[in-house]
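Descriptive structure summary
Given next are the chains, with one letter for each unit.
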Amino acid sequence: MTEQSTLLSLAQRHLYPNYQQSPFILCRGQGSQIWDMDGKRYLDLCAGIAVNTLGHAHPRLVSAICEQAGQLMHVSNYFYNEPNVKLAIRLCELSGYSRAFFCNSGTEAVEMSLKLARRHFTSKKDSARFRIIAFENSFHGRTLGALAATGQAKYRDGFGPLLGVTHVPYGDAQAVRSNMAPDVAAILVEPIQGEGGIIAAPEGFLQELRRIADEHGALLIADEVQTGIGRTGLFLACGHSNVEPDIVALAKGLGGGFPIGAVLCNESLSADLPPGSHGTTFGGNALASRAALTVLDVLVEDDLIAAARVKGERLGRLLAELNLKFPKQIVASRGRGLLWAVELDPSVDVSKVLEHCKNAGLLLTRAGSHALRFSPSLTVSQSELEEGVQLLAEVLKAEALCVIC
Ligand SMILES: Cc1ncc(COP(=O)(O)O)c(C=O)c1O
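Described in the following lines is the structure provided in the data block. The shown structure was predicted, so the numbers you read here are calculated from the model rather than taken from an experiment. (Residues numbered from 1 in each chain as written. Predicted model: local features only at pLDDT ≥ 70, side-chain atom pairs only at ≥ 80, totals over all residues. Heavy atoms only, no water.)

Topic: the overall build of the protein
Secondary structure summary: the protein contains 14 helices and 17 strands in total. In terms of C-alpha radius of gyration, the protein reaches 21 Å, essentially the compact-globule figure of 22 Å for 405 residues. Dimensions along the principal axes, computed over C-alpha positions, put the protein at roughly 60 × 55 × 45 Å. Relative to its full complement of 405 residues, the protein shows a buried share of 53%. Residue pairs in contact within the protein that sit at least 24 positions apart in sequence constitute 72% of those at least 6 positions apart. For the protein, the exposed surface amounts to about 18,000 Å²; the carbon and sulfur share of it is 55%. Across the protein, the mean location of the 37 positive side-chain charges is 2 Å away from that of the 41 negative side-chain charges. (Helix = DSSP H or I, 4+ residues; strand = E, 2+ residues; numbered from the N terminus. Rg over C-alpha atoms; globule rule 2.2 N^0.38 Å. Buried < 20%, exposed > 50% of the residue type's maximum accessible area, 1.4 Å probe, protein only. Contact = heavy atoms within 4.5 Å. Areas by Shrake-Rupley, 256 points an atom, 1.4 Å probe, with all protein chains shown as cover. Lys, Arg positive; Asp, Glu negative; His and termini not counted. Charge placed at Lys NZ, Arg CZ, Asp CG, Glu CD.)

Here we look at the nonpolar core
Grouped together as the largest cluster of nonpolar side chains are 57 residues, with contacts concentrated most on Leu 91, Leu 322, Val 353, Leu 372, Phe 374 and Leu 392. Broken down by element, the residue count for this core peaks at eight residues, all from helix 10 (residues 286-301). Taken together, domain 1 (3-57 + 303-402) and domain 2 (72-301) each give at least three residues to this core, which thus spans both. The contact partners of Leu 372, leaving out residues within four places of it in the chain, are Trp 340, Ala 341, Val 342, Leu 344, Val 350, Val 353, Leu 354, Leu 364, Thr 365 and Leu 392. Core analysis: the next-biggest nonpolar cluster, separate from the first, contains 25 residues, Met 112, Leu 114, Ala 149 and Ala 186 among them. (Core = buried A, V, L, I, M, F, W, Y, C linked by side-chain atoms within 4.5 Å. Domains from an automatic or database assignment.)

Re the site of the ligand
Near the ligand you find Ser 105, Gly 106, Thr 107, Phe 139, His 140, Gly 141, Glu 190, Glu 195, Asp 223, Val 225, Gln 226 and Lys 252, and these make up its full shell. Residue Asp 223 places a side-chain N or O atom 2.7 Å away from a nitrogen atom belonging to the ligand. In isolation the ligand offers 390 Å² of accessible surface; the protein chains occlude 82% of this area. (Near = heavy atom within 4 Å. Polar contact = N/O pair within 3.5 Å; in protein donor to acceptor, adjacent residues only side chain to side chain.)

Some remarks on the side chain of Thr 280
With respect to the helices, strands and loops of the structure, Thr 280 is situated in the loop between strand 12 (261-265) and helix 10. Looking at Thr 280, its side chain comes within polar contact range of the main-chain nitrogen of Gly 283, at 3.4 Å.

Some thoughts on a nonpolar patch on the surface
On the surface, a nonpolar cluster with roughly 360 Å² of combined accessible area is contributed by Tyr 80, Val 85 and Ile 89. Within the fold, Val 85 resides in helix 4 (residues 82-95). (Patch = residues over 30% accessible without salt bridge, like charges linked within 9 Å, V, L, I, M, F, W, Y side chains within 5 Å. Salt bridge = Lys/Arg side-chain N within 4 Å of Asp/Glu carboxyl O.)

A few points about the pattern of salt bridges
Considering all chains together, one arrives at 17 salt bridges under this definition. Here Arg 177 makes a salt bridge to Glu 215, at a shortest N to O gap of 2.7 Å. With Arg 177 in helix 8 (residues 173-179) and Glu 215 in helix 9 (residues 205-215), this residue pair connects regions lying 38 residues apart in the sequence. With a closest N to O distance of 2.6 Å, Glu 195 and Arg 373 form a salt bridge. Of the two residues, Glu 195 sits in the loop between strand 8 (192-193) and strand 9 (199-200) while Arg 373 sits in strand 17 (residues 371-374), which places them 178 residues apart along the sequence. Accessibility classification places Glu 195 together with Arg 373 in one group, the buried group. Overlapping salt bridges, with partners in common, bring together Arg 177, Glu 208, Arg 211 and Glu 215 in one network.

Examining unusual backbone geometry
Of note, the bond from Gly 160 into Pro 161 is cis; its omega dihedral lies within 30 degrees of zero at 0 degrees. With respect to the element layout, Pro 161 can be found in the loop between helix 7 (153-156) and strand 6 (165-168). Even without glycine at this site, Ser 76 takes up a positive phi of about 80 degrees. Assignment of secondary structure puts Ser 76 in the loop between helix 3 (59-69) and helix 4. Its identity is not glycine, yet Asn 242 carries a phi of approximately 55 degrees, on the positive side.

Focus on the sheet that holds strand 15 (residues 362-363)
If you walk across this open sheet you meet the four strands as 1-2-3-15, and the pairing is mixed. The open sheet has two edge strands, strand 1 (26-30) and strand 15, and neither has a second partner. Strand direction decides the pairing type here: strand 3 (residues 41-44) and strand 15, joined by two bridges, are parallel. Bridged to Leu 43 within strand 15 is Leu 362. (Pairing = 2+ DSSP bridges.)

Concerning the sheet that holds strand 16 (residues 365-367)
Pairing within the open sheet is antiparallel, and its four strands lie in the order 13-14-17-16. The two strands at the open ends of the sheet, each matched to only one other strand, are strand 13 (330-336) and strand 16. Taking each pair of neighbouring strands and ignoring which way they run, the sheet shows an average axis angle of 30 degrees. Pairing between strand 13 and strand 14 (residues 339-344): six bridges, direction antiparallel. Of the residues in strand 14, the one forming a bridge with Ile 330 is Leu 344. Sheet strands in contact with helix 11 (residues 304-325) are strand 13, strand 14 and strand 17, and its direction is about 175 degrees off that of strand 13. (Axes fitted to C-alpha atoms, helices over the stretch in contact; angles between N-to-C directions.)

Examining the layout of surface pockets
If you add up the space inside the second largest pocket, you get close to 1,100 Å³. Lining of the second largest pocket is provided by 31 residues; of these, Asn 77, Ala 100, Phe 101, Phe 102 and Leu 273 occupy positions nearest its centre. For the lining of the second largest pocket, the elements supplying multiple residues, two or more each, are helix 4, strand 4 (99-103), helix 5 (106-123) and strand 12. Broken down by class, the residue content of the lining of the second largest pocket amounts to 17 nonpolar, 13 polar and one charged. (1 Å grid on protein atoms, 1.4 Å probe; cavity = no way out; pocket = protein on both sides within 12 Å on 5 of 7 lines; lining within 4 Å. Points joined across faces, edges and corners; volume = space filled by probe spheres on them. Nonpolar A, V, L, I, M, F, W, Y, C, P; charged D, E, K, R; others polar.)

Rendered as structure tokens:
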């Protein structure tokens, strides 16, 4: 028994079994490479599901976290802390919003966004506005509010009743219009559906949602938990459509691996959640804020957002070539910046492909029901992207292994 296999059997005995975890234990990372306890190396092109913006063990992030831990970690939100104020300033500069609220995860950022929208109307004595319009195939998180907004049965089943949200087909502005009524507080949308399979909003759709929300006096909320922090080649993916939502939910890449989420809005919403109406013990603590501040500093200083555009175009070309090479196994590839999906043919077993990728030393994740997701760190190199696509090609060559019998 190796140390890894001993720990694996203990993991299976003691961890709550709500995840389907791979049979190895990761213990060390560097950039886009990661090693398990047996010393096997993997090329990490999932980056903790679009989280490790600077890759693993980035020296700036490591030293900032260590320094901050030795200085001040947590004081509660009864008090200001220095990194948190600086982070709010930085986030507002980068996004163009004027207010930032901090929490600990994507689901909490969505939850806060929904509460802010409802509370905006009740504070205007318009308590009839509570309903949210959201989209089929969306993912917004797993707390009961965020789950109610999530438009996929596989996440919702068994947790009902989940109330207050109307789901309409993604991309169908007419369906949104016909579901608008005086009780709608907000439209909630992902500019690119991430968990749903890296499905981009059709051309003009986000602009149309902005118009519909304005015409009906409702708010527009963008869930940029997966797409934000430069991943798609702009700080916010809504920027590709020149749309400014009223509220933006962020998390994942913000802390580069340190848990932190944020909600951005402007002055018009800043009085709607007064002291006592919403909060969280850990949100925006000094350590998490210092980590996020460092991620944003490096993002700017190393021009990583522009780099995500360039590397993303290269990755897109590599995946298009892969598609040509494997027309039977791959239906299409799609994406923007460093968020891409390879849609596999229904005859291909996605779980098996992912398993063979892991055996070959490549970490990817699934998005949607039948796609492989590439969401590497923004510091990934061109040669690492090439190596990843080459490893996937080798796995697909062994097609017989992956076809559903
Ligand atoms: C668009 C979107 N919203 C919300 C969430 C939930 O974030 P978290 O898992 O940090 O709670 C996710 C997570 O995948 C997401 O992709």
